[in-house]
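# Overview (structure and organization)
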Amino acid sequence: LNYLGPPFNDPDFNPPRAVGPETIPSASVDLHMWRNLNDSLRLAENHRAYSVLLCYLRSIDSEVARTELRRSLGRFCTSLQGLVVSIAGVMSSLGYNPPPELVTSSSPSGLGFGKGNDFLRKMEDFWLLKELQIWLWRSAKDFNRLKRKVPAVVSFRMESRGF
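What comes next concerns the included structure. (Residues numbered from 1 in each chain as written. Predicted model: local features only at pLDDT ≥ 70, side-chain atom pairs only at ≥ 80, totals over all residues. Heavy atoms only, no water.)

All right, on to empty space enclosed by the protein then. Applying the stated criterion across every chain, the model contains one cavity of 30 Å³ or more. Its boundaries defined by the atoms lining it, the largest cavity holds a volume of some 40 Å³. As for the largest cavity, its lining consists of Asp39, Arg42, Leu43, Asp142, Phe143 and Leu146. (1 Å grid on protein atoms, 1.4 Å probe; cavity = no way out; pocket = protein on both sides within 12 Å on 5 of 7 lines; lining within 4 Å. Points joined across faces, edges and corners; volume = space filled by probe spheres on them.)

Next up on the list: the pattern of salt bridges. The final tally for this structure, using the stated rule, is four salt bridges. For Asp142, the salt bridge is made with Arg42, and the minimal N-O distance between the two is 3.7 Å. Placement of Asp142 in helix H4 (residues 118-149) and of Arg42 in helix H2 (residues 39-59) is noted, with a sequence separation of 100 residues between them. On the accessibility criterion, Asp142 (6% relative accessible area) is buried. The exposure class of Arg42 is buried, given its relative accessible area of 5%. Note that Glu45 and Arg48 form a salt bridge whose closest N and O atoms lie 3.4 Å from each other. With Glu45 and Arg48 both in helix H2 and three residues apart, the pair spans about one turn of that helix. We classify Arg48 as partly exposed; its relative accessible area is 39%. (Salt bridge = Lys/Arg side-chain N within 4 Å of Asp/Glu carboxyl O. Helix = DSSP H or I, 4+ residues; strand = E, 2+ residues; numbered from the N terminus. Buried < 20%, exposed > 50% of the residue type's maximum accessible area, 1.4 Å probe, protein only.)

A few words now on the packing of H2 against helix H3 (residues 67-93). At a minimum axis distance of 9 Å, the contact between H2 and H3 shows a crossing angle of 155 degrees. Taken as axis vectors, H2 and H3 run roughly antiparallel relative to one another. Every pair of crossing elements has a handedness; the one defined by H2 and H3 is left-handed. Of the residues in H3, those in contact with Ser40, Leu43, Ala44, Asn46, His47, Tyr50, Ser51, Leu54, Leu57 and Arg58 of H2 are Leu73, Phe76, Cys77, Leu80, Gln81, Leu83, Val84, Ile87, Ala88, Val90 and Met91. Grouping the constituent residues of the contact of H2 with H3 by class yields 15 nonpolar, five polar and one charged. (Axes fitted to C-alpha atoms, helices over the stretch in contact; angles between N-to-C directions. Parallel < 35°, antiparallel > 145°, perpendicular 65-115°, else oblique. Left-handed = near helix turned anticlockwise from the far one by under 90°. Contact = heavy atoms within 4.5 Å. Nonpolar A, V, L, I, M, F, W, Y, C, P; charged D, E, K, R; others polar.)

In this section: the nonpolar core. Inside soluble globular proteins, nonpolar side chains tend to come together where they are buried. With 26 residues, the main nonpolar core has Leu43, Tyr50, Leu57, Leu80, Ile87, Leu132 and Trp135 as its most contacted residues. Elements supplying a minimum of two residues to this core: H2, H3 and H4. At nine residues, H3 tops the list of elements feeding residues into this core. The contact partners of Leu80, leaving out residues within four places of it in the chain, are Tyr50, Leu54, Leu57 and Leu132. (Core = buried A, V, L, I, M, F, W, Y, C linked by side-chain atoms within 4.5 Å.)

Structural data, given as C-alpha cells:
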C-alpha cells in the first residue's frame, strides 16, 4: 500500500468497493455462513481464492518499477504458491478431492484485471490486497480450527509476514 501512495496508504482510507472483476474472490462472506460450511468446502474456497489472488499478483509484476518491491512480490508469490499446494495436500490427506489447478489461457487482463486508468488499477490493487489480508486472517482461523479436529499427523503453521 505504501507503494501505491496517497490516498491508498492512509490508515483511514476505506473507499466503497467499486464494481470490480467478478473473478476476485471476496472473503466478505457472512461469518456464520462460512462457519457452517464443511471442512472440504472451506478448504476448496481457500484454494480457489489463493489461486486467483496468486494469478493476479503475478500479473502485476511487470507494473512494479522498484526492484526491491519486485523481489518482495516474487518471494510472496512463491510463498502463496506453497500455500496453494499445501491446501491441496491437506485436502488429499483428509480424503477430499483437491480442486483442479487454476489454469487460464487468457492473460490476467482478460480476466478483468488491470483495466481502466491508473487510478482505477490502483483501486483494484488496493482492494485485492485488502481481500488477500482478510483471506489470510480467515485461513489462519480455519486452519487452527481444522488442526484441532484432525490427528497430529496433519499439522500446519501459517505465519503472517509483513508484505
